[in-house]
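Next come the chains, spelled out residue by residue.
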Amino acid sequence: PEPRVICAPTGCGNSALSHDLHELGYTDVTSIDFSPSCIEAMRARYAHCPSLRWAVMDIRALAFPDASFDVVLEKGTLDVLMVEETDPWDVSPQAVASMRRVLAEVSRVLHPGGCFISITFAQPHFRKPHYAQEAFGWSLRHATCGDGDAGAFHYFLYVMRKGQPLDPRDVALGRRLHQPPPPPALPPPPAAPDDDEDYLLAIQL
């Protein structure tokens, strides 16, 4: 059977990703966005592809039954949850909770064996701890993408497979997300003055 796909690129009213998937042969694609105007614009733009579906929906509360999709694909959508964070090494509890809520919904709607694909500029040391949670019931791998030109930004592809176990190293990484940050290091003590120093010689008067 044809794979069922949820497509959730940021601002899907301006993204051709759903249509690109359709052109590649993935015709059972449902695209979501929380903005009614974006969905209306996308539905009008691709009216010639009636098999593409469009829905106004909050990715934190997907209105789909459990285990109803083979693939969930997001491109930059989860980055929006982190846009107000000032320190990527110390993410606020609110952002952690929002990310976990979204990922729990993604896991819920995936079939066993289904795949969650995340495309983002977020580097693995910042993003993998969020994905590497045993509660989601998926494995995790990632790849670095980009053309390799000097000065070009790389982006990252994360693939989670429902029903496969996490690598123990990823399990440990995920557990660190819920540990309090270490206390800041104490400043070094001031250096003792050198009474034998010849200041006049040092400044060469």
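Residues numbered from 1 in each chain as written. Predicted model: local features only at pLDDT ≥ 70, side-chain atom pairs only at ≥ 80, totals over all residues. Heavy atoms only, no water.

Draft legend 1. Structural detail: helix α2 (residues 36–45). Considered for burial, the residues of α2 that qualify are Cys38, Ile39 and Met42. Projected down its long axis, α2 carries its buried residues within an arc of 95°, all on one side. Relative to its buried face, α2 has exposed residues pointing more than 90 degrees away, namely Pro36, Glu40 and Ala44. Where the residues of α2 are buried, they touch β2 (29–33) and β3 (53–56). (Buried < 20%, exposed > 50% of the residue type's maximum accessible area, 1.4 Å probe, protein only. Helix = DSSP H or I, 4+ residues; strand = E, 2+ residues; numbered from the N terminus. Arc of directions from axis to C-beta. Contact = heavy atoms within 4.5 Å.)

Draft legend 2. Expanded view of the nonpolar core. By size, the foremost hydrophobic cluster in this structure holds 32 residues, and its most contacted members are Ile32, Phe64, Leu103, Phe116, Tyr131 and Trp138. Considering each element in turn, this core owes the most residues, 7 residues, to helix α3 (residues 93–109). Counting 13 residues, the second largest nonpolar core, distinct from the first, contains Val5, Cys7, Leu17 and Val29. (Core = buried A, V, L, I, M, F, W, Y, C linked by side-chain atoms within 4.5 Å.)

Draft legend 3. The packing of aromatic side chains, seen in detail. Summed over the entire model, instances satisfying the criterion amount to 7 aromatic pairs. On the basis of an interplanar angle of 85° and a centroid distance of 6.0 Å, the ring pair of Phe116 and Tyr131 is categorised as edge-to-face. Of this pair, Phe116 sits in strand β5 (residues 110–120) while Tyr131 is found in helix α4 (residues 124–131), placing the two residues 15 residues apart along the sequence. When its relative accessible area of 1% is taken as the criterion, Phe116 is described as buried. These aromatic residues form a ring-pair network of at least three members: Phe116, Tyr131, Phe136, Trp138 and Tyr158. Of note, Arg4 hangs over the ring of Phe69, and the distance from its end group to the ring centre comes to 4.4 Å. (Phe/Tyr/Trp six-rings, centres within 6.5 Å; stacked < 30°, edge-to-face > 60°. Lys NZ or Arg CZ within 6 Å of the ring centre and 35° of its normal.)

Draft legend 4. Up close: the sheet that holds strand β7 (residues 155–162). One open sheet holds the 7 strands; their spatial order is β3-β2-β1-β4-β5-β7-β6, and the pairing between them is mixed. A strand with exactly one partner marks an edge of an open sheet, and here the two such strands are β3 and β6 (138–145). This sheet shows a mean twist of 20° between the axes of neighbouring strands, independent of strand direction. Summarising the sheet, β6 and β7 pair through 8 bridges and their orientation is antiparallel. Paired with His142 across the strands is Tyr158, a residue of β7. Against the sheet, α3 makes contact with β1 (5–9), β4 (69–75), β5, β6 and β7, and its axis sits at roughly 140° relative to β5, the strand it touches most. Contacts between α4 and the sheet are confined to β4, β5, β6 and β7, with β7 contributing the most and set at about 15° to the helix. (Pairing = 2+ DSSP bridges. Axes fitted to C-alpha atoms, helices over the stretch in contact; angles between N-to-C directions.)

Draft legend 5. Structural context of unusual backbone geometry. We note that Ala67 has phi near 50°; this positive angle belongs to a residue other than glycine. Looking at where Ala67 falls in the secondary structure, it is placed in the loop between β3 and β4.

Draft legend 6. Summary view of empty space enclosed by the protein. Evaluation of the coordinates by the stated rule reveals 1 cavity of 30 Å³ or more. By residue class, the composition of the lining of the largest cavity is 5 nonpolar, 3 polar and 1 charged. (1 Å grid on protein atoms, 1.4 Å probe; cavity = no way out; pocket = protein on both sides within 12 Å on 5 of 7 lines; lining within 4 Å. Points joined across faces, edges and corners; volume = space filled by probe spheres on them. Nonpolar A, V, L, I, M, F, W, Y, C, P; charged D, E, K, R; others polar.)

Draft legend 7. A look at the pattern of salt bridges. Counted under the stated rule, the structure contains 9 salt bridges. A salt bridge links Lys128 to Asp170; the nearest nitrogen and oxygen atoms lie 3.1 Å apart. Of this pair, Lys128 sits in helix α4 while Asp170 is found in helix α5 (residues 168–176), placing the two residues 42 residues apart along the sequence. As far as the burial class goes, Lys128 and Asp170 line up, both buried. Arg169 serves as the salt-bridge partner of Asp167, at 3.0 Å between the closest nitrogen and oxygen. A network of salt bridges, in which partner residues are shared, links Arg4, Asp28 and Arg53. (Salt bridge = Lys/Arg side-chain N within 4 Å of Asp/Glu carboxyl O.)

These figures capture arrangement, not role.
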